[in-house]
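Geometric and topological summary
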Amino acid sequence: MADDEPTRAAHLLDAQAKAELLFAAIEERGLVAPGAGERAVSDRIRDLANEMFGTTKHWHKRIVRSGPNTLAPYKENPPDRVIGADDIVFADFGPIFEEYEADFGRTFVLGEDPVKQRLRDDLPKVFAAGRSFFESTPDITGERLYAEVVRLAEKAGWELGGWHAGHLVGEFPHETIEGAHVESYVTPENSTPMRRTDKAGRACHWILEVHLIDRERQFGGFYEELLTL
């Protein structure tokens, strides 16, 4: 029997809380470090999730990207790269906790580059402003939220790096609407209301993701978590 809505919400929030603890441990243990390859760091984070929570499944590919690889959108698979001493690095993981999905992304800056530090610091600000816009717009569509995130990115002096700015999240595997894949994303083509129920009558819950890039300087950053809870 499917969980009721308060239970679903509690599970999604618990999954995110565990992802936050995982990412705090990544920083505390210094897993993102110069001289390490991106895939090696990804494997260490995978092993840490298993150590901390017994997590062995991730609902999407595990991503650690550094330097110019941080420009690449999700679907691309840039070659493995060794992290440098003055790099910017982001990690994007989708661990599954008790069959509920988390989707969490954060950016790390190694060294003292002020532009990279500013990008890192702007990511949560753009996210918070996007969430505020969502909360203040009852009939918001994916198209409208995407346009606002683009505006916020450009206002901060950056470019949005992906074709979408978020997606549905829920029980694993979360629903992807057959024949209308675009309606599962925060994207310019999605004119459907984000506040709706899925075909099983459950509330749709969303992730907001902010991928900011500086194309001229050849780096970007990433920030992602729950939008709707």
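Residues numbered from 1 in each chain as written. Predicted model: local features only at pLDDT ≥ 70, side-chain atom pairs only at ≥ 80, totals over all residues. Heavy atoms only, no water.

Examining unusual backbone geometry
Inclusion rule: For each residue, the accessible area found with a 1.4 Å probe, counting protein chains only, is set against the maximum for its type, and the residue is called buried under 20%, exposed over 50%, and partly exposed in between. We count a stretch as a helix when DSSP gives it H or I for four or more residues in a row; a strand needs E for two or more, and each element gets its number in order from the N terminus.
A positive phi angle, near 55 degrees, is found at E98, a position not held by glycine. A residue is classified by how much of its surface remains accessible, and E98, at 55% relative accessible area, is exposed. One non-glycine residue with positive phi stands out, namely Q218, at about 65 degrees. Locating Q218 in the fold gives a position in the loop between β8 (205–214) and β9 (219–226). We classify Q218 as partly exposed; its relative accessible area is 40%.

Focus on the environment of R118
Our working definition: The criterion used for residue contact is that any of the two residues' heavy atoms lie within 4.5 Å.
Mapped onto the elements of the fold, R118 is located in helix α3 (residues 114–135). Assessed through its relative accessible area of 37%, R118 is described here as partly exposed. Once the C-alpha coordinates of R118 and A156 are considered, the two residues, 38 residues apart in sequence, prove to be 9.7 Å apart. When neighbours within four sequence positions are excluded, R118 is seen to be in contact with A156 and W158.

Topic: the packing of α3 against helix α4 (residues 142–155)
As a reminder, the rule being used: Axes here refer to lines fitted to C-alpha atoms; in helices the fit is confined to the stretch in contact. Angles between the N-to-C directions go from 0 to 180 degrees. Should the near helix be turned anticlockwise from the far one by less than a right angle, the crossing is termed left-handed; should it be turned clockwise, right-handed. Each residue gets one of three labels, nonpolar for Ala, Val, Leu, Ile, Met, Phe, Trp, Tyr, Cys and Pro, charged for Asp, Glu, Lys and Arg, and polar for the others, Gly among them.
Here α3 crosses α4 at 145 degrees, and the two axes come no closer than 10 Å. For the crossing formed where α3 meets α4, the hand is right-handed. Contact with α3, carried on its side by V126, A129, G130, F133 and F134, involves R144, L145, E148, V149, L152 and A153 of α4 and no other residues of that element. Looking at the contact of α3 with α4 residue by residue, the classes come out as 8 nonpolar, 1 polar and 2 charged.

So, the packing of aromatic side chains
How we decide: Here is the rule: rings of Phe, Tyr and Trp (six-membered ring for Trp) pair when centre to centre is within 6.5 Å. Planes less than 30 degrees apart are stacked, more than 60 are edge-to-face, and the remainder are tilted.
On inspection of all chains with the given rule, the structure shows 6 aromatic pairs. Here W163 and Y185 contribute two aromatic rings whose centre-to-centre distance is 4.9 Å and whose plane-to-plane angle is 50 degrees, an arrangement assigned as tilted. Linking W163 in the loop between β6 (159–160) and β7 (166–169) with Y185 in the loop between β7 and β8, this pair joins segments that are 22 residues apart in sequence. On the basis of relative accessible area, W163 is assigned to the partly exposed category, the value being 36%. Judged by its relative accessible area of 18%, Y185 is buried. Ring pairing ties together the aromatic residues F23, F93 and F104, which thus form one cluster.

Describing the environment of Y100
Take Y100: it is sitting in strand β4 (residues 100–101). For the pair formed by Y100 and A85, sequence separation is 15 residues and the distance between their alpha carbons is 36 Å. With residues up to four places along the chain from it excluded, the contact list for Y100 reads D3, R8, H11, L12, A15, P95, G170 and E171.

A short note on the packing of helix α1 (residues 5–28) against helix α2 (residues 38–53)
When two helices pack together, you describe them by how their axes are tilted relative to each other and by the distance separating the axes. For clarity, the threshold we go by: When describing relative orientation, an angle under 35 degrees is termed roughly parallel and one over 145 degrees roughly antiparallel, while 65 to 115 degrees is termed roughly perpendicular and anything else oblique.
Their axes nearest at 10 Å, the elements α1 and α2 cross at an angle of 125 degrees. Classified by the angle their axes make, α1 and α2 are oblique. The interaxial crossing formed by α1 with α2 has right-handed handedness. Of the residues in α2, those in contact with K18, L21, L22, A25 and I26 of α1 are I45, L48, A49, M52 and F53. Residues of the contact of α1 with α2, tallied by class, amount to 9 nonpolar, no polar and 1 charged.

Examining the pairing of β9
Selection criterion: For two strands to count as paired, DSSP must find a minimum of two bridges between them.
Taking burial as the measure, the 8 residues of β9 include 8 buried ones, the bulk of the element. Pairing analysis gives 8 bridges linking β8 to β9, with the strands arranged antiparallel. Paired with V210 across the strands is Y223, a residue of β9. Connecting β8 to the next strand, β9, in antiparallel fashion are 4 residues, including Q218 with a positive phi near 65 degrees.

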